[in-house]
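Listed here are the chains, written in short residue letters.
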Amino acid sequence: MYDFDREIDRRGTWSVQWDGTAARFGVSDLLPFTISDMDFASPPDVLAALRERVDHGVLGYTDWRLGGFREAVRHWYASRHGTGIDPDSLVYAPSVLSQLSQLLRMWTGPGDGVVVHTPTYDGFRKAVTGLGRELRGVPVGDAEALERELARPDSRMLLLCSPHNPTGRVWTEEELTSFAALAERHGVSVVSDEIHADLTADGHRHVPWARIAEPGRGRRWAVVTSATKAFNFPALSGSYGIIGDPAEREAFVRRVETGEGLASPAVLSLTAHIAAYRHGAAWLDELRGYVAGTMELLRERLSEGLPGVVWEPPQAGYLAWIDLRPLGIEETRLQEELVTVEKVAIMPGGTYGTPGFVRLNVGCPRAKAERGVDALVRAAGRLRTA
């Protein structure tokens, strides 16, 4: 039904991924596989809703509580994730990271520890350390290290990425329940970033933290998320959260709308969210199938071209987290080869605290993805045999 093979020229559109390579890599006109947005057009139903809203002609101040936004979110959680949520528990903010920054200010103090899984999304690192908190990383899957860090007297928050970025790990219900128990035991708040939740691969199921967090369980908890990732309209901004405790929710809203002066959200973001959650399911399912096919192609190319690399598609998302450490390649040399010889931009693992990996964005037409993985195979192969 949808043409995901169509290549759309994004150069000259102020795209961070396409037009921002010089700022990040020092070279312009690279073929980019970097920041996590997709090269696909947003769903037709979303674009139609946006056109209709613009054609109305008046883009005045709006209130996210007045229209169909909250009911669309409730509908999506019930129909997509089998989870009932109270629309009154929702909050709104310009972005997931802006929500996180507010919650860090509310629930932690300068010097406090914030526990995350490693490798770590670089936006988390910037938000946490930028506010003077201490980022405390534990490897994905290391339960003992997680409890050790949460048990430290000055650890105040467990910051989850669910599903996990950059590895694409989908936490099981058993794992999430254990996280909740640890948070309760050690008096630690929990913030769950679930912006990748709707991009789970077949055979895996995202479990919302709102289902795990029982009323009154643990000190504080919040979900921060948005439709912008799955339906590819991040430039419209806009995110929402779920905060379990009414008093904490009111405090959050007061900080955002009064302290930050953000009482009126962007109307086009509300419009896009409602259209995506009401009419975008078929597009999303076809997108997920397309990305799964691209991931399989990637697996085959890596297996054939770099036999020492063992890689399997992620459980969620369009970001391939590839371990190149068996090849013994120094990260700086690989990046130089990719940029100067292959003319591609691929994110180095060191950005996420784990050198030796790369994060390859394949949220793009398959022909582009082929060019990216083939460039990676060639560059790594030359360095491996040098």
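Just so it is clear, the structure is predicted and the values come from calculations on it, not from any experiment.

Student: For this particular structure, what's the right way to read the pattern of salt bridges?
Tutor: Inspection of the entire model under this criterion finds 28 salt bridges. Residue Arg301 pairs with Glu370 through a salt bridge whose shortest N-O separation is 3.0 Å. You can see Arg301 sitting in helix H12 (residues 281-305) and its partner Glu370 sitting in helix H14 (residues 366-385), a full 69 residues away along the chain.

Student: Honestly, helix H7 (residues 143-150) in this entry has me stumped. Any pointers?
Tutor: The α-helix advances 3.6 residues per turn, and as a result positions three or four apart in sequence lie on the same side. Of the residues making up H7, those classed as buried are Ala145, Leu146, Glu149 and Leu150. Take H7 and look down its axis: the buried residues cluster within an arc of 130°, on one side only. Along H7, exposed side chains directed more than 90 degrees from the buried face belong to Ala143, Glu144 and Arg148. Contacts made by the buried residues of H7 are with strand E3 (113-118), strand E4 (134-139), strand E5 (155-161) and helix H8 (173-186).

Student: Got a minute to help me understand the pairing of strand E10 (residues 344-348) in this structure?
Tutor: Both faces of the sheet carry side chains from a regular strand, because those side chains alternate between them. For E10, the tally of buried residues reaches five of five residues, placing the bulk of the element in the interior. The pairing of strand E1 (residues 31-33) with E10 spans three bridges and is classified as parallel. Following the sheet pairing, Phe33 is matched in E10 by Ile346. Across two bridges, E10 lies against strand E11 (residues 357-361) in antiparallel orientation. In the strand pairing of E11, Pro348 is matched with Val358.

Student: Please clarify how unusual backbone geometry should be interpreted in this entry.
Tutor: The phi torsion of most residues other than glycine is negative, and most of the peptide bonds are trans. Cis geometry marks the peptide bond from Thr118 to Pro119, where omega comes out at 0°. Examined against the element boundaries, Pro119 turns out to sit in the loop between E3 and helix H6 (122-130). Along the chain, Ser162 connects to Pro163 via a cis peptide bond; the corresponding omega equals -5°. Locating Pro163 in the fold gives a position in the loop between E5 and H8. Residue Ser237 is not a glycine yet carries a positive backbone phi of 60°. Among the structural elements, Ser237 can be located in the loop between strand E7 (221-225) and strand E8 (239-243). The class of Ser237 is partly exposed, set by a relative accessible area of 36%. The phi dihedral of Lys343 is positive, around 60°, even though this residue is not glycine. A relative accessible area of 44% means that Lys343 is categorised as partly exposed.

Student: Got a minute to help me understand the side chain of Ser89 in this structure?
Tutor: The residue Ser89 is located in the loop between helix H4 (69-81) and strand E2 (90-93) in this model. Ignoring sequence-local partners within four residues, the contact set of Ser89 consists of Gly241, Ile242, Ile243 and Arg249.

Student: How do you make sense of the pairing of E11 when you look at a structure like this?
Tutor: For E11, the tally of buried residues reaches five of five residues, placing the bulk of the element in the interior. Of the two faces of E11, the one lined by Phe357, Arg359 and Asn361 and the one lined by Val358 and Leu360 are each fully buried. Inspection of the sheet shows strand E9 (residues 319-323) paired to E11 by five bridges, in the antiparallel sense. Each residue of the ladder has a partner; that of Trp321, found in E11, is Arg359.

Student: Looking at this model, I keep getting lost on the nonpolar core. Mind explaining?
Tutor: Burial of nonpolar side chains together is a common tendency in soluble globular proteins. Judged by nonpolar contacts, the single largest core of 87 residues is most densely connected at Trp209, Phe231 and Ile322. By residue number, the principal contributor to this core is H12, which donates nine residues. Here Ile322 is in contact with Leu302, Val309, Trp311, Gly356, Phe357, Val358, Leu360 and Leu376, once residues within four sequence places are set aside. Membership of the second largest hydrophobic core comes to 26 residues, among which are Met157, Ile195, Ala222 and Phe252.

About the cut-offs
Residues numbered from 1 in each chain as written. Predicted model: local features only at pLDDT ≥ 70, side-chain atom pairs only at ≥ 80, totals over all residues. Heavy atoms only, no water. Salt bridge = Lys/Arg side-chain N within 4 Å of Asp/Glu carboxyl O. Helix = DSSP H or I, 4+ residues; strand = E, 2+ residues; numbered from the N terminus. Buried < 20%, exposed > 50% of the residue type's maximum accessible area, 1.4 Å probe, protein only. Arc of directions from axis to C-beta. Contact = heavy atoms within 4.5 Å. Pairing = 2+ DSSP bridges. Core = buried A, V, L, I, M, F, W, Y, C linked by side-chain atoms within 4.5 Å.

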